[in-house]
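Fold and contact review
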Amino acid sequence: MSQPSLCGGGPCAWRGNDIGKGMGQLEMGLGVLQKVARAPCAQLAGTQCGDKSYWHDGAVAEIEKKIIEAFEVFDHECNKTVDVREIGSIVRSLGCFPTEAELHELLAKVEEEEPTGYINLEKFLPVMTKVLLDRSYPPIPEDVLLHAFEALDENKCGYITKEELVKYLTEEGEPFTQEEMEDMLSTALDPETNTVCYRDYISMMIVDES
């Protein structure tokens, strides 16, 4: 019996030849940025998720809260379970981009002994917490993040104004709260030009593995 695909939609869709045009591309880029900015480690420029100096008192609890929130988005029955096919989307929404094989390995750790097609939060939470603490999967690829920003940069000038970014992130997709918007702007915005030079921002966000 073949295993179900866990990739689903989301950022991996940038990889193929079927990249959307027009509004489809804009929506895809916006979705990527909203997920990345909300991910537990997205604001940690130059800091690896596995860097123990980051995980001070209270930080693990904050990570668990993020995981629960991501899980609940797909818990349509509000019974602390999700369809196994949603696991890929949940993991990517937390800023991780595992391969299909790695997703199946994760699935093996969180499934019941007799697979039901659903994953329980009680089993998923500790496994996913460890994934984030150990930085088991690579973060969002740089080219995916670049494509996401370019989709919002309609004039292709290499930057996005504060007004444009606020409009996109607070009025489209899964809108940011004011606090989320302020957190992102505090990291991304150039105060002198009041713009986000997204290539510089991406360079700051990408972890140096060397």
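Note that the structure is predicted; figures quoted are calculated from it, not measured.

Calculation rules
Residues numbered from 1 in each chain as written. Predicted model: local features only at pLDDT ≥ 70, side-chain atom pairs only at ≥ 80, totals over all residues. Heavy atoms only, no water. Helix = DSSP H or I, 4+ residues; strand = E, 2+ residues; numbered from the N terminus. Contact = heavy atoms within 4.5 Å. Areas by Shrake-Rupley, 256 points an atom, 1.4 Å probe, with all protein chains shown as cover. Salt bridge = Lys/Arg side-chain N within 4 Å of Asp/Glu carboxyl O. Buried < 20%, exposed > 50% of the residue type's maximum accessible area, 1.4 Å probe, protein only. pLDDT = per-residue confidence, 0-100. Axes fitted to C-alpha atoms, helices over the stretch in contact; angles between N-to-C directions. Parallel < 35°, antiparallel > 145°, perpendicular 65-115°, else oblique. Left-handed = near helix turned anticlockwise from the far one by under 90°. Nonpolar A, V, L, I, M, F, W, Y, C, P; charged D, E, K, R; others polar. Expected span 1.5 Å × (residues − 1). Polar contact = N/O pair within 3.5 Å; in protein donor to acceptor, adjacent residues only side chain to side chain.

**Some remarks on the overall build of the protein chain**
For the protein chain, the count of helices and strands is 9 helices and 4 strands. Its helices and strands in sequence order give the protein chain the pattern α-α-β-α-α-β-α-α-β-α-α-β-α, from N to C terminus. Long-range contacts, defined as pairs at least 24 residues apart, comprise 69% of the intrachain contacts of the protein chain with a sequence gap of at least 6. If you sum the accessible surface of the protein chain, you get close to 11,700 Å²; carbon and sulfur atoms cover 50% of it.

**Considerations on the pattern of salt bridges**
Scanning the entire structure with this criterion turns up 5 salt bridges. The salt bridge involving Asp134 is made with Lys130; its shortest N-O contact spans 2.5 Å. Note that Asp134 and Lys130 are positioned in helix α5 (residues 121–134) at a spacing of 4 residues, about one turn of the helix. Classification of Lys130 by relative accessible area gives exposed; the value is 52%.

**Considerations on the confidence of the model for the protein chain**
For the protein chain, per-residue confidence averages 76 on the pLDDT scale, and 71% of positions sit at 70 or higher. Across residues 1–23, confidence stays below pLDDT 50; counting only partners more than four residues off in sequence or on other chains, it has 41 contacts. For residues 41–54, every residue scores under 50 in pLDDT, and the model assigns this stretch 30 contacts once sequence neighbours within four places are set aside.

**A short note on the packing of helix α4 (residues 100–110) against α5**
As a packed pair, α4 and α5 sit with axes 9 Å apart at the nearest point and diverge in direction by 135°. By the angle between their directions, the pair α4 and α5 is classed as oblique. Crossing of α4 against α5: the hand is right-handed. Only Lys123, Phe124, Val127 and Val131 of α5 make contact with α4, whose side of the interface consists of Leu106, Lys109 and Val110. Taken together, the residues of the contact of α4 with α5 break down into 5 nonpolar, no polar and 2 charged.

**What to know about α5**
Taking 1.5 Å of rise per residue, the 14 residues of α5 would be expected to cover 20 Å, and the 20 Å separating its terminal C-alpha atoms lies within 8% of that figure. Among the residues making up α5, those that are buried are Leu121, Phe124, Leu125, Val127, Met128, Thr129, Val131, Leu132 and Leu133. One side-chain oxygen of the residue at the start of α5 lies 2.8 Å from the amide nitrogen of Glu122, identifying that residue as Asn120. Following α5 by one or two positions, Arg135 adopts a phi angle in the positive range, close to 50°.

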